[in-house]
Amino acid sequence: MTRSFSLTRRSPGAIGATALLALFLVGASLLPAQSLAQSTDTLSGSYAVALSRDDIPTDLADGYGFVGRWIISFNDDGSYVGERQDVGIVVTGTYTTSGSQVTVTDESGLVSCSNASATTISPGDISTGTYEFAVVGQTLTLTPIDDGCRGRVVLLSSRALSVYVPCTTEPLDQAAVVASGTPESVEEADDVDDPLASILTPVDPTTEEADSPDAMSIAAEVDALLGQMSACWSTGNPSLWLPLLSNAFRASLIGNSPDFESTISAAMSTPIVWERAGELDVESATRVTAIVRATVGMEQDFQRFVFVFEDGEWRWDG
């Protein structure tokens, strides 16, 4: 498939999960139970997927236009919409289901397979493709059965899609955080002496155990926080992501780097998905730790995160 389009910024050069997180740390499961929409088919709903350079075939023309976080919506009225979150809607069309198969037909948009440019390699009409689909819990997988449009195959089947979670934070005034200074608690905290220690030392996620009967309810809130971290990171707007950090951790990152905003903005051009990969270790009613899996492209990195309860909500504390 050959087409001419440019969907704004591209990711920086290939970079692993550890390096990407270290970039701003040194330089500086979902919202409460959302269920799939109920309809006559089980596919209906909105799903998100983050694609990196590693997911894009090197011989796919203009393939890097697919790098980013996507929202794919299969609406109850039979329409579907593809939106790259930092660009907007770039493909619309219709879909029908038959058993566990879905047939998608592109109609319009920059990356629509109905565009004339999309037919220059594959002969004939490739606006329609058929996939096997499976929805398990919060995850949708699409397996191509017959689709001559390579861009759509990359978008829909490179990775499993998860139920879409919107970023709901209010923008943070970074200047106010810097002006307020770094709280003394940051200097006294044991885990800020080496902010990369938990990142550079991989941990076996199978060894964690819950220490409190309250862990289950706290885990749901921590999963909500991680879902928001992933969703707000994908917006590319630091002021929407930083409120999810504890006051001390956030002030430390911002205050210790005069170039923090440009550094984190560059890092945010590469999607990261954070998910809890082990049980909580409940240290107190306001402090827990857990192993978290950070996914960047084809790479995964397991790190121990600290979460604290402040101002009425759980936040990442480094």
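Caption draft 1: View of the pattern of salt bridges. Applying the stated criterion to the full structure yields 11 salt bridges. A salt bridge links D147 to R152, with the nearest nitrogen and oxygen atoms 2.8 Å apart. One salt bridge in this structure joins E310 and R315, with 2.9 Å as the shortest N-O distance. You can call R315 buried: its relative accessible area is 9%. Salt bridges sharing partners connect three or more residues here, namely E310, D311, E313 and R315.

Caption draft 2: The arrangement of the side chain of Q228 in detail. One can find Q228 in helix 6 (residues 215-233). At 2.9 Å, the side chain of Q228 forms a polar contact with the backbone nitrogen of T168.

Caption draft 3: Fine view of the nonpolar core. Judged by nonpolar contacts, the single largest core of 35 residues is most densely connected at M229, W241, W274 and F307. Those elements giving two or more residues to this core turn out to be helix 6, helix 7 (238-241), helix 8 (247-255), helix 9 (260-267), strand 11 (287-296), strand 12 (299-310) and strand 13 (313-316). It is helix 6 that provides the largest number of residues to this core, a total of 9 residues.

Caption draft 4: Up close: the pairing of strand 13. Relative to strand 13, strand 12 runs antiparallel, the two being bridged by 4 bridges. Paired with E310 across the strands is E313, a residue of strand 13. Remark: 2 residues form the turn of the hairpin made by strand 12 and strand 13, two consecutive strands paired antiparallel; D311 in that turn has positive phi of roughly 55°.

Caption draft 5: Layout of the confidence of the model for the protein. Residues at a pLDDT of 70 or more form 71% of the protein, whose mean pLDDT is 76. Per-residue pLDDT stays below 50 along residues 1-40; that stretch engages in 124 contacts with residues further than four places along the chain or on separate chains. Contacts from residues 178-213, a stretch scored under 50 in pLDDT, to residues over four places away or in other chains number 51 contacts.

Caption draft 6: How the structure looks around the state of the cysteines. Within the structure shown, the criterion is met by 2 disulfides. Residue pairing for C167: its cysteine sulfur links by disulfide to C232, the two sulfurs lying 2.0 Å apart. One quick way to see it: the torsion about the S-S bond of C167 and C232 is about 95°, and its sign makes the bridge right-handed. Highlighted residues: C167 in the loop between strand 8 (161-163) and helix 3 (174-180) and C232 in helix 6, separated in sequence by 65 residues.

Caption draft 7: Region of interest: the packing of aromatic side chains. Within this structure, the stated rule accounts for 12 aromatic pairs. With a centroid separation of 6.4 Å and an interplanar angle of 65°, the aromatic rings of Y47 and F74 are classed as edge-to-face. Separated by 27 residues along the polypeptide, Y47 in strand 1 (residues 45-51) and F74 in strand 2 (residues 68-74) bring together distant segments of the chain. According to the relative accessible area criterion, Y47 is buried, its value standing at 0%.

Caption draft 8: Here's a closer look at helix 9. When helix 9 is considered as a whole, its buried residues turn out to be F260, T263, I264 and A267. Buried residues in helix 9, looked at end-on, bunch into an arc of 90°, giving them a common side.

Caption draft 9: Spatial organisation of the pairing of strand 5 (residues 101-108). Note that strand 4 (residues 88-98) and strand 5 share 7 bridges and pair antiparallel. Opposite T96, over in strand 5, you have T103 as the bridge partner. Linking strand 4 to strand 5, which pair antiparallel, is a turn of 2 residues; within it G99 sits at a positive phi near 65°. Where strand 5 meets strand 6 (residues 128-136), 5 bridges bridge the pair, whose relative direction is antiparallel.

Caption draft 10: Region of interest: unusual backbone geometry. You will see that D311, though not glycine, has its phi angle at about 55°, which is positive. For D311, the location among the structural elements is in the loop between strand 12 and strand 13. When its relative accessible area of 60% is taken as the criterion, D311 is described as exposed.

Caption draft 11: Looking closely at the environment of T105. Following the sequence through the fold, T105 ends up in strand 5. Residue classification places T105 among the partly exposed residues on the basis of a relative accessible area of 23%. As for T105 and G129, which are separated by 24 residues in sequence, their C-alpha atoms are 6.6 Å apart. Filtering out sequence-adjacent residues up to four positions away, T105 remains in contact with Y80, T92, G93, T94, S127 and T128. Among the polar contacts listed, one links the side chain of T105 to the side chain of T128, at a separation of 2.9 Å.

Caption draft 12: View of the side chain of R69. With respect to the secondary-structure elements, R69 resides in strand 2. One buried charged residue, R69, forms no salt bridge at all, with the nearest opposite charge on E275 at 9.2 Å. Within the local environment of R69, its side chain forms a polar contact with the side chain of S234, the two groups lying 3.3 Å apart.

Conventions we followed
Residues numbered from 1 in each chain as written. Predicted model: local features only at pLDDT ≥ 70, side-chain atom pairs only at ≥ 80, totals over all residues. Heavy atoms only, no water. Salt bridge = Lys/Arg side-chain N within 4 Å of Asp/Glu carboxyl O. Buried < 20%, exposed > 50% of the residue type's maximum accessible area, 1.4 Å probe, protein only. Helix = DSSP H or I, 4+ residues; strand = E, 2+ residues; numbered from the N terminus. Polar contact = N/O pair within 3.5 Å; in protein donor to acceptor, adjacent residues only side chain to side chain. Core = buried A, V, L, I, M, F, W, Y, C linked by side-chain atoms within 4.5 Å. Pairing = 2+ DSSP bridges. pLDDT = per-residue confidence, 0-100. Contact = heavy atoms within 4.5 Å. Disulfide = S-S within 2.5 Å. Phe/Tyr/Trp six-rings, centres within 6.5 Å; stacked < 30°, edge-to-face > 60°. Arc of directions from axis to C-beta. Lys, Arg positive; Asp, Glu negative; His and termini not counted.

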